[in-house]
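Secondary and tertiary structure notes
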Amino acid sequence: MTDAEINKRVELCFDMRYKEGMRQVDWVKYCHEHYNDKSEKTYISYWIKSKEKYEDGWREKLSKQLDPAVNTLIGLIASDDEKIRQRAIDQVFKYTGNDEIKVAISGEMEIKLNWGDDAGILAE
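Report on the accompanying structure. Everything numeric here is computed off the predicted structure, so don't read it as measured data. Going along each chain's sequence as written, the residues are numbered from 1 onward. Reporting of local features is limited, given that this is a predicted model, to residues whose pLDDT is at least 70; pairs of side-chain atoms are given and counted only at 80 or more, and all residues count toward the totals for whole chains, interfaces and linings. Excluded from the side-chain calculation are hydrogens and water; included are all heavy atoms of the structure.

1. Quick word on the nonpolar core
The biggest cluster of nonpolar side chains holds twelve residues, and these are Ile-6, Val-10, Cys-13, Met-16, Met-22, Trp-27, Val-28, Tyr-30, Cys-31, Tyr-43, Tyr-46 and Trp-47. Every residue pair with non-hydrogen atoms within 4.5 Å of one another is taken to be in contact. Each residue touching Met-22, except ones within four places of it in the same chain, is listed here: Met-16, Arg-17, Trp-27, Tyr-30 and Trp-47. Note on terminology: a nonpolar core comprises buried Ala, Val, Leu, Ile, Met, Phe, Trp, Tyr and Cys residues joined through side-chain atoms within 4.5 Å. Note on exposure labels: buried denotes an accessible area under 20% of the residue type's maximum, exposed denotes more than 50%, and partly exposed covers the range between, all computed with a 1.4 Å probe on protein chains only.

Here you go:
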C-alpha cells in the first residue's frame, strides 16, 4: 500500500473513532469486513495512528492558546513594578511545572535524647 492509502485509512479511523464513537474492536471488525487485506496488528496500528493524530491536534490547539499568554508574561517580567514582575515569574514557574507546593503538616513526634552510659558512650 502507498502512504496515501494508509493515511486515508487512518483518516477514516479517526473520523469513526472520534466523530462516531467507534471502539477498537469494532474498527478491527470493520477492517476485516471492508478490506480483509491486512493483519489485525496492522488495523490496530491505524487505530494507534488515529490517536496520535488526535493528540497532535490538541497539542497544536493548546500551543496556539498558550503562546499569547506566554508573550504577555514575558512582557510583564520586564515591568518596572517589582510586584508585577514577581507575579509574572511565579506564573512562569507554574506553567513549567516548577510550582512551589506548600503543605501543612500536623501531628505529634517524640524525640528522646539519651546522654551517658545508656547511649553507648562509656565515661572514661
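2. A closer look at the environment of Tyr-35
For helices the rule is a DSSP run of H or I covering at least 4 residues; for strands it is a run of E covering at least 2, with both sets numbered from the N terminus onward. Tracing the sequence through the fold places Tyr-35 in the loop between helix H2 (24-34) and helix H3 (40-77). Taking the relative accessible area as the measure of exposure, Tyr-35 reaches 26% and is therefore partly exposed. If we ignore the near neighbours within four places in the chain, the residues touching Tyr-35 are Arg-9, Leu-12, Tyr-30 and Tyr-43.

3. Describing the pattern of salt bridges
Throughout this description, the term salt bridge denotes a Lys or Arg side-chain nitrogen within 4 Å of a carboxyl oxygen of Asp or Glu. This structure, assessed with the given rule, holds eight salt bridges. The shortest N-O distance in the salt bridge between Asp-15 and Lys-19 comes to 3.3 Å. Taking relative accessible area as the criterion, Asp-15 reaches 22% and is therefore assigned partly exposed. The closest approach of N and O atoms between Glu-55 and Lys-51, which form a salt bridge, is 3.3 Å. Of the two residues, Glu-55 and Lys-51 are both situated in helix H3; the distance of four residues between them amounts to about one turn of the helix. Given the relative accessible area of 30%, Glu-55 is considered partly exposed. One continuous salt-bridge network, built from bridges that share partners, spans Lys-51, Glu-55, Asp-56 and Arg-59.

4. Observations regarding the packing of H3 against helix H4 (residues 82-95)
Working note: a packed helix pair is described by the angle between its axes plus the distance between those axes. The axes used here are C-alpha line fits, helices contributing only the stretch in contact, and every angle between their N-to-C directions lies in the interval 0 to 180 degrees. With their axes 8 Å apart at the nearest point, H3 and H4 run at an angle of 145 degrees to one another. At the point where H3 passes H4, the crossing takes the left-handed sense. Between H3 and H4, the contacting residues are Ala-69, Leu-73, Leu-76 and Ile-77 on the first element and Ile-84, Arg-85, Ala-88, Ile-89, Gln-91, Val-92 and Tyr-95 on the second. We call Asp, Glu, Lys and Arg charged. Ala, Val, Leu, Ile, Met, Phe, Trp, Tyr, Cys and Pro are nonpolar, and the rest, Gly among them, are polar. For the contact of H3 with H4, a count of residues per class yields nine nonpolar, one polar and one charged. Each crossing gets its handedness from the near helix: less than a right angle anticlockwise from the far helix is left-handed, clockwise is right-handed.

5. With respect to the side chain of Arg-9
On the secondary structure map, Arg-9 appears in helix H1 (residues 3-18). Residue Arg-9 is classed as buried on the basis of its relative accessible area of 9%. Not counting residues up to four positions away in its chain, the partners in contact with Arg-9 are Met-1, Trp-27, Tyr-35, Asp-37, Lys-38, Tyr-43 and Tyr-46.

6. Details of the state of the cysteines
Whenever a pair of cysteine sulfur atoms sits within 2.5 Å, that pair is classed as a disulfide. All chains considered together, the criterion is met by zero disulfides. Cys-31 takes part in no disulfide bond, and the closest cysteine sulfur to it belongs to Cys-13, at a distance of 7.0 Å. A relative accessible area of 0% means that Cys-31 is categorised as buried.

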